[in-house]
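Given next are the chains, with one letter for each unit.
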Amino acid sequence: MSEIHSPEELSRDSLLRILEVSQKLAESVDLEQLLTEVVAAGTEVLLADRGSLWIYLAERRELELKVPRDGPRLRVPAGHGLVGECMASQAVINVADAYTDPRFRPEVDRATGYRTRSILSIPLMGRHGEPVGVLQLLNKLGGDFDHNDEMLATSLAAQCAVALQRSQLMEALLLKERLDEEVSLAREIQVSMLPEEMPEVPGYDVHGSFFPTEQTGGDMYDLVMLGQQPELFLLLGDATGHGFGPALSATQMQAMLRVAFRCGANLTQAYRHVNNQLSEDLPDDRFLTAFMGFLDPRSHQLRYYSGGQGPILHFHAADGRFEWHKPTHFPLGIMEIDDPGAPVQLTMAPGDVLALLSDGVFEYANESGAQYGESRVAGLIDLHHHLSMAELAKLLWQSVREFAGDATQADDVTMVLLRRLA
């Protein structure tokens, strides 16, 4: 039986446990092992007696019990029973007494020899809202499942859905025989993690662009409104090297940050935990550079950390001045840190532009070996800062390509542009 922790211990331990699961889900390991890890983490974090995981079989419109693996291979039609209704409604179902709920199917207990009391069912939904499966946690120790349990279980369920979808891509990768097919699949994983549309931020124009090389790199970005009083989360990352590994490292970092913020971590806690986890897991010759920060659209304050990602350009519209900020820390994953200190803060005045650009912009070289550089970036923003950020990104990319001529693109180019409206 699991030890019952205090709320403070549960919050801290839950965050670390879910971050650990997020890291494991990014590894290329057996799918059933990943699913078992998710269920084990759910029972540990939520103090449940046991858990189960059902996979949705779209072609049969059925749910199949995958975890535990030592039990009977049960199948339930979508819409039937608690697990089927959870899948059909795409909503969390929290039942304190299973045998008083008419949706509960006692034949599952009879088949497994288990007595279900309380049951928490969470739908597993894919990135685009497609049904993937259902995570169930049974018999809360010392009481009933509450709202906090539902939030934690939902975070775990989201990671489980990611694992299922990634496993399908990984299985497809194993069937590929040529390098260009492997690169194509890795690129698909990278691109699938980018925002499908730009968030609406009151008083701001926001845009992100990603221009990949023919080979897979490790660039990625994220723009999303988070929190009860929504703030804009900005992320720009670049993993060292090319190929499948760096692409997964970048998406791993993004997933770990999303889970950390869902579990209530602040920017400092998330930065420290993710850095330390990457330091433990990445090979010695691998690391990531990353800018991560939050913009409060009410106070217009941006607070951030930059692990090796720079330079960061802040254009001051009032006097046409450019301010270049250096990284605040060494790249993520190099070594553990106990305290990253307070995040850096800057104020966005009316008309100001913040430009987060990967090194693929500044280091884009032409046929003679000359690089595009910071001065050309600044000159273009000085001329066109009044345009929409989408138009500015398009012009910047055109300028880079015209400068490069026939030279081959050697690295991913990623841009995140932010302007406070006048």
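Analysis parameters
- Residues numbered from 1 in each chain as written.
- Predicted model: local features only at pLDDT ≥ 70, side-chain atom pairs only at ≥ 80, totals over all residues.
- Heavy atoms only, no water.
- Pairing = 2+ DSSP bridges.
- Helix = DSSP H or I, 4+ residues; strand = E, 2+ residues; numbered from the N terminus.
- Axes fitted to C-alpha atoms, helices over the stretch in contact; angles between N-to-C directions.
- Contact = heavy atoms within 4.5 Å.
- Expected span 1.5 Å × (residues − 1).
- Buried < 20%, exposed > 50% of the residue type's maximum accessible area, 1.4 Å probe, protein only.
- Arc of directions from axis to C-beta.
- pLDDT = per-residue confidence, 0-100.
- Phe/Tyr/Trp six-rings, centres within 6.5 Å; stacked < 30°, edge-to-face > 60°.
- Lys NZ or Arg CZ within 6 Å of the ring centre and 35° of its normal.

> Sorry if this is basic, but what is going on with the sheet that holds strand β15 (residues 353–357) here?
Pairing between sheet strands relies on hydrogen bonds along the backbone, with the strands arranged either parallel or antiparallel. Reading across from one edge, β7-β16-β15-β12-β13 is the order of the five strands in this open sheet, with antiparallel pairing throughout. Since the sheet does not close on itself, it has two edges, and those belong to β7 (204–211) and β13 (321–325), each with one partner. Across the sheet, the axes of successive neighbouring strands diverge by a mean angle of 15°, strand direction being ignored. As judged from the five bridges shared by β15 and strand β16 (residues 413–420), these two strands associate in the antiparallel manner. Paired with V353 across the two strands is R419, which belongs to β16. In this fold helix α10 (residues 373–384) packs onto β12 (312–316), β13 and β15, with an angle of close to 140° to the strand it touches most, β13. The sheet contacts of helix α11 (residues 389–404) involve β7, β15 and β16, and relative to β16 the element is tilted by about 145°.

> Honestly, α11 in this entry has me stumped. Any pointers?
Owing to its 3.6 residues per turn, the α-helix brings residues three or four apart onto one side. End to end, α11 covers 22 Å across 16 residues, agreeing with the expected 22 Å (1.5 Å per residue, within 8%). Here α11 has its buried residues at M389, L392, A393, L396, W397, V400, F403 and A404. The buried residues of α11 occupy one face: seen down the axis, they fall within an arc of 135°. For α11, the exposed residues set more than 90 degrees away from the buried face come down to K394 and E402. One or two positions beyond α11, positive phi appears at G405, with a value near 65°.

> When you look at the pairing of strand β6 (residues 131–140) in this model, what are you seeing that I'm missing?
Within a regular strand, side chains alternate between the sheet's two faces. With respect to burial, β6 is a largely interior element, nine of its ten residues being buried. Relative to β6, strand β1 (residues 48–57) is paired through seven bridges, and the arrangement is antiparallel. The partner of L53 across the bridge, within β6, is L135. Across seven bridges, strand β5 (residues 119–125) lies against β6 in antiparallel orientation. For M125, the partnering residue across the bridge sits in β6 and is P131.

> What should I look at first to understand the environment of R50 in this one?
As for its position among the elements, R50 is in strand β1. The partly exposed category is assigned to R50, whose relative accessible area is 38%. When sequence neighbours within four positions are dropped, the list of residues in contact with R50 reads T43, Y114, L137 and L138.

> Just to check I follow, could you spell out the confidence of the model for the chain for this structure?
Detailed reading of the predicted coordinates is not advisable wherever pLDDT is low. Looking at the chain, the pLDDT average stands at 85 and 86% of residues meet or exceed 70. Across residues 1–10, confidence stays below pLDDT 50; counting only partners more than four residues off in sequence or on other chains, it has eleven contacts.

> Which parts of the structure should I look at to understand the packing of aromatic side chains?
Two aromatic rings, taken as a pair, are described by how far apart their centres are and by the angle between their planes. Counted under the stated rule, the structure contains eleven aromatic pairs. Here the aromatic rings of F291 and Y304 are separated by 4.9 Å at their centres, their planes lie at 25°, and the arrangement is stacked. Of this pair, F291 sits in strand β10 (residues 288–296) while Y304 is found in strand β11 (residues 301–307), placing the two residues 13 residues apart along the sequence. Both residues of the pair, F291 and Y304, belong to the buried class. An aromatic cluster is built from F211, Y364 and W397, whose rings are joined through pairwise contacts. The ring of Y99 carries the charged tip of R115 above its face, separated from the ring centre by 3.8 Å.

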